[in-house]
Amino acid sequence: MIEIKGVSHRFGRTRALDDVSLDIGEGEFCALLGPSGCGKTTLLRILAGFETPDVGAVTLDREDLLSVPPHRRPVNLMFQSFALFPHMSVERNVAYGLERERLPRAAIRERVDAVLATVGLTAYARRKPHELSGGQRQRVALARAIVKRPRLLLLDEPLSALDKQVRAEMQLELKRLQHEVGITFLVVTHDQEEAMSLADRIAVMNAGRIEQTDAPVTLYERPRTTFVAGFVGANNLFPGPNGITAVRPERIRIRNRIGGGKGGNDNDGTVEGEGERLTGTVVDVSFHGGTSHLAVRVPGLDRPVLIAVQGPSRVTSGEQVSLSWPPDAAVHIPASIPASTPVSTPASPIEGEEP
Amino acid sequence: MKRWPLTGPGLTYLTVFMVIPLGLVLSYAFLRRGRFGGVVDEPTTENFTRLADPLYADVVLHSTWIAALTTVLALLIGYPTAYVIAGLPRRRQTIALIAVVLPFWTSFLIRVYAWIVLLSGPGWLNKALRAIGLGPVDVLYTDAAVVTGLLYAYLPLMILPLYASLVRLDPQLREAAANLGAGPWTSFRTVTLPLTVPGILTGCLFVFVPSFGNFVIPELLGGGRSVLVGNLIRDQFLKARDWPFGSALALALLAVLMVLLLAQAWAARRYATR
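Residues numbered from 1 in each chain as written. Chains lettered and ligands numbered in written order. Predicted model: local features only at pLDDT ≥ 70, side-chain atom pairs only at ≥ 80, totals over all residues.

When its secondary structure is counted, chain A shows nine helices and 18 strands. When the 355 residues of chain A are sorted by exposure, 41% land in the buried category. Contacts spanning at least 24 positions in sequence make up 66% of the contacts within chain A whose residues lie at least 6 apart. (Helix = DSSP H or I, 4+ residues; strand = E, 2+ residues; numbered from the N terminus. Buried ≥ 20, exposed ≤ 12 C-beta atoms within 10 Å, placed from the backbone. Contact = placed C-beta atoms within 7 Å.)

A separate point is the UniProt feature "domain: ABC transmembrane type-1" (unreviewed entry) in chain B. Those places that UniProt annotates as "domain: ABC transmembrane type-1" (unreviewed entry) correspond, in this numbering, to residues 60–266 of chain B. Strand forms 0% of residues 60–266 of chain B and helix 79%; the C-alpha atoms that close the span are 24 Å apart. (UniProt positions renumbered as here; feature names shortened; annotations may be inferred.)

Moving on, we get to the UniProt feature "transmembrane region" (unreviewed entry) in chain B. Residue and element names in this part refer to chain B. Per the UniProt record, the feature "transmembrane region" (unreviewed entry) sits at residues 12–31, 65–88, 95–119, 139–164, 195–217 and 245–268. Between the C-alpha atoms that bound residues 95–119 there is a distance of 29 Å. The span itself is 76% helix and 0% strand. For residues 139–164, helix accounts for 85% and strand for 0%, while the C-alpha atoms at its two ends are 34 Å apart.

A few words now on the domain arrangement of chain A. With domains assigned, chain A is organised as domain 1 (2–221) and domain 2 (237–334). Between domain 1 of chain A and domain 2 of chain A, the C-alpha centre-to-centre distance is 41 Å. (Domains from an automatic or database assignment.)

Let's shift gears to the interface of chain A and chain B. Contacts between the two partners involve 19 residues from chain A and, on the opposite side, 17 residues from chain B. For the side of chain A that touches chain B, the secondary-structure elements that each account for two or more residues are strand E6 (75–78) and helix H2 (90–100) of chain A. Of the residues that constitute the side of chain A that touches chain B, the class distribution is nine nonpolar, six polar and four charged. (Nonpolar A, V, L, I, M, F, W, Y, C, P; charged D, E, K, R; others polar.)

This part covers the packing of H2 of chain A against helix H3 (residues 105–118) of chain A. Residue and element names in this part refer to chain A. Between H2 and H3, the least distance of the axes is 10 Å, while the angle of their chain directions is 130°. Between H2 and H3, the angle is such that the two are oblique. Viewed along their axes, H2 and H3 form a crossing whose handedness is right-handed. Seen from H2, the contacting residues are Glu 91, Val 94, Ala 95, Leu 98 and Glu 99; seen from H3, they are Ile 108, Arg 111, Val 112, Val 115 and Leu 116. Here the residues of the contact of H2 with H3 sort into seven nonpolar, no polar and three charged. (Axes fitted to C-alpha atoms, helices over the stretch in contact; angles between N-to-C directions. Parallel < 35°, antiparallel > 145°, perpendicular 65-115°, else oblique. Left-handed = near helix turned anticlockwise from the far one by under 90°.)

Residues and elements named next belong to chain A. Strand order in this open sheet of six strands is E6-E7-E8-E3-E9-E10, and the pairing throughout is mixed. Every other strand in the sheet has two partners, leaving E6 and strand E10 (209–214) as the edge strands with one partner each. Averaged over all pairs of adjacent strands, the angle between their axes in this sheet comes to 20°, without regard to strand direction. Where strand E9 (residues 201–206) meets E10, five bridges bridge the pair, whose relative direction is antiparallel. (Pairing = 2+ DSSP bridges.)

For the rest of this paragraph, the subject is the environment of Arg 62 of chain A. Residues and elements named next belong to chain A. In this structure, Arg 62 sits in the loop between strand E4 (55–60) and strand E5 (63–64). For Arg 62, a count of 7 C-beta atoms within 10 Å translates into the label exposed. Considered as a pair, Arg 62 and Ser 160 are 98 residues apart in the sequence and their alpha carbons are 33 Å apart.

What follows concerns the sheet that holds strand E16 (residues 305–310) of chain A. Residues and elements named next belong to chain A. Sheet architecture is open: five strands sit in the order E13-E17-E14-E15-E16, paired in antiparallel fashion. Of all strands in the sheet, those bounded by a partner on one side alone are strand E13 (253–256) and E16. On average, adjacent strands in this sheet sit at an angle of 45° to one another, irrespective of strand direction. Examined bridge by bridge, strand E14 (residues 277–287) and strand E17 (residues 320–324) share five bridges and lie antiparallel to one another. Paired with Leu 278 across the bridge in E17 is Leu 323.

This next bit is on the pairing of strand E7 (residues 152–156) of chain A. All names here are of chain A. Where burial is concerned, most of E7 is hidden: five out of the five residues are buried. Sheet analysis places E6 next to E7, joined by four bridges and oriented parallel. Paired with Asn 76 across the bridge in E7 is Leu 153. Sheet topology note: the E7/strand E8 (residues 184–189) ladder contains five bridges and is parallel. Looking across to E8, one finds that Leu 153 is bridged to Phe 185.

Moving on to the packing of helix H7 (residues 143–167) of chain B against helix H10 (residues 197–213) of chain B. Residues and elements named next belong to chain B. At a closest axis distance of 8 Å, the pairing of H7 and H10 adopts a crossing angle of 160°. By the angle between their axes, H7 is roughly antiparallel relative to H10. Read as a crossing pair, H7 and H10 show a hand that is right-handed. Facing H7, whose interface residues are Leu 150, Tyr 154, Leu 157, Met 158, Pro 161, Leu 162, Ala 164, Ser 165 and Leu 166, H10 presents Pro 198, Gly 199, Ile 200, Thr 202, Gly 203, Phe 206, Val 207, Pro 210 and Ser 211. When its residues are assigned to classes, the contact of H7 with H10 shows 13 nonpolar, five polar and no charged.

Moving on to H2 of chain A. Residues and elements named next belong to chain A. Counted residue by residue, H2 has eight buried out of 11 residues, so it is predominantly covered. Buried within H2 we find Val 90, Glu 91, Asn 93, Val 94, Ala 95, Tyr 96, Gly 97 and Leu 98. Where H2 is buried, its residues contact H3 and helix H4 (134–146).

The subject of this paragraph is the nonpolar core. Core analysis: the biggest nonpolar cluster contains 99 residues, and Ala 31, Leu 47, Val 94, Ala 143, Leu 154 and Val 204 of chain A have the highest contact counts within it. The element best represented in this core is H4 of chain A, accounting for six residues. Per-domain counts for this core show at least three residues from each of domain 1 (2–221) and domain 2 (237–334) of chain A. Ignoring anything within four residues of it in the chain, the contact list for Leu 47 of chain A reads Val 58, Val 75, Leu 152 and Leu 154 of chain A. Listed in part, the 49 residues of the second largest apolar core include Ala 145, Ile 200, Leu 201 and Phe 206 of chain B. (Core = buried A, V, L, I, M, F, W, Y, C linked by C-beta atoms within 7 Å.)

Laid out in C-alpha cells, this is it:
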C-alpha cells in the first residue's frame with residue numbers, strides 16, 4: 001500500500017536517511033526500530049509531509065504522496081508529545097480533524113462519541129488536556145488520530161511518555177485497536193520490546209539505513225547484520241575469520257567443568273561457531289525470578305559471555321564452567337555485510353529520545 | 001515579621017512615589033480651588049459633577065477614540081511583524097528584536113519632532129506623495145498626525161508581548177493542525193490566534209494606556225487642536241490653575257485604566273491554558 005523507494009535526506013552535513021526503501025502492506029502493523037538519531041523520526045515526518053526528502057519516492061496506493069501537502073494526506077500522526085490543543089476540550093480536540101472535513105455536525109458528534117468510547121474517555125469529554133493524566137492524554141491523541149480513519153496511522157514513540165504500568169496496558173489496547181479499526185499502523189520506537197510485542201514486521205534502522213526488515217521472531221532468531229544482532233535482544237557475538245557468530249544467551253548450555261568430568265582446554269582463543277565449546281570462569285550471577293543471568297569470562301574474548309538459564313543457577317561465581325550450544329543456535333553473519341557499528345556489542349538498546 | 005526589613009526599600013518607594021502623590025490627588029479632588037492655584041480647605045464634590053459636563057465628556061470620548069484607533073492599528077501592524085520575527089532563525093530573531101526596541105534609545109521628544117518634519121506641508125510625506133503623482137495632503141496638526149505619532153511611539157509595546165506569546169507556542173501544535181487537515185489559514189485561525197490571545201490583550205493594554213493619557217504627542221503633532229484627557233489634565237494644573245478639577249480628571253482617567261486592567265487580567269485568566 002505504502003511504498004518508500006530510495007529515500008535519502010540530509011540536514012546540513014548530517015545524513016539522516018540513506019537510500020531507505022520499505023513497503024508497508026494494507027492493515028499491517030509495522031515498526032521502525034532504532035537508536036536515537038537513526039533517522040526513523042525523519043522518515044515518519046516525511047510520510048506526514050513535514051519534511052520533503054532530497055531524493056526518493058513515496059507512493060500511497062501507487063500514487064505519489066510527496067506532492068500532496070500535509071493537510072491533504074490520508075495519513076495521521078500521533079505525536080510523541082501528543083501535541084493536544086491546550087485551549088480545546090477533549091471532544092473539541094478529537095472533533096478538530098472531522099470539522100476540517102466539513103462533515104455535518106451530527107456525524108461529527110456521533111464519530112467523536114464512538115471513538116471516545118473506544119478509548120474509554122467518554123467521562124472526560126469536556127475536560128481540558130491539562131486536567132488529564134499522561135495516559136489519558138495519550139488516549140486523546142490516539143483518538144484524535146484514528147477518528148479521521150486514515151489510510152496510514154503513524155505513531156511516534158507512542159508509549160515513551162507513560163510509566164511502566166500504563167505502558168503495558170496501552171500496548172494491549174493499541175493492538176486491540178489496530179485489529180478493530182483495521183488501519184495500517186507504522187510505529188516508531190527505540191524500545192525493542194515495544195516493537196517486538198506490537199508489530200507484525202520490524203524494520204531495524206541504524207545511521208540512516210534500514211538494516212533488516214523481518215517479522216519479530218525472524219529478526220530475533222536470524223539477525224542478518226551485526227547491528228541487528230546486537231540491538232535486538234541480548235546477544236553474544238564471537239568474531240571469527242570470515243564473519244561473526246551470534247549466539248543468544250538462552251541457547252548456551254552451561255556445565256560445571258568438575259561435575260561434567262570433561263578435561264582439556266578446547267578454547268584456543270579464536271572461536272568458530274559450529275558446536276563450539278568454550279571454557280571460562282563465572283564472574284557474575286544474577287537471579288531474575290523466572291530466569292538467571294550469568295556472565296562467564298572466557299580467555300581470549302573481550303567481553304564476558306552472557307548466558308540465561310531457567311530458574312536459579314546451579315553454578316556460582318568463581319566456578320570453572322564449560323559452555324556449548326547446538327549448531328542451529330549459532331547465527332553466522334558474514335563479514336561482507338557492511339558492519340555499520342563496531343563489532344562485539346552484546347548490548348541492550350540505547351535509551352533516549354530522538355533529538 | 002523577619003521579612004519586613006527586606007520589603008523596606010520596595011515599600012518606601014511605593015509610599016513616596018505612589019501612595020503619597022495619589023493620596024494628595026485624591027484629597028485635592030474633594031477640595032475647592034485657591035485663587036492663585038493650590039487648594040483651600042473647603043470640602044466639595046462639585047469637581048466631580050463638572051466631569052459630567054458634555055465639554056469634558058467629549059474630551060474623554062475623543063481620547064478613547066484616538067487611543068482605541070491607535071491600539072487597533074498597532075495590533076494590525078504588530079501581529080504580522082511579531083509573527084514574522086517569531087518565525088525567523090534564533091539569531092535573526094535577536095537582531096529583529098533589537099531593531100524593534102532601538103528607537104527607545106533616543107529621546108522621545110526628538111523622535112516626535114522628527115515626525116513634524118516628515119508630516120509638514122513641504123515635508124517628506126508630501127514629497128513622496130508628489131513622486132507617485134498624488135496631491136499634497138495637510139496631515140500635520142490633525143488627528144491623523146496624532147494617531148501616527150502614538151502608533152509610532154507605542155508599536156514596540158505591542159510587538160514585544162505578541163512576539164513572546166508567539167515564540168512560546170509549540171510548533172508541533174501547528175503541525176498537528178496540518179496533520180488533521182487544517183490548511184495554513186485555518187490552522188492560524190483555530191490554533192495560533194486563540195493561543196496568543198493573552199499576548200494580544202497585553203499588547204493592546206500596553207498601547208492603549210499610554211496613548212489614552214498622552215499629552216506630548218497631541219500637543220506637538222495635533223497642534224493643540226486635538227485636546228485629549230492628558231492635555232486637559234495638564235492644562236488644569238498649569239494653565240487654569242484649577243488643581244482640584246485636574247485631580248478629579250486624573251482620578252477619572254485612573255478609574256478608566258483600572259477597569260481596563262481588571263478586564264485584561266480577567267480575560268487573560270480565562271484564556272490561560274495551563
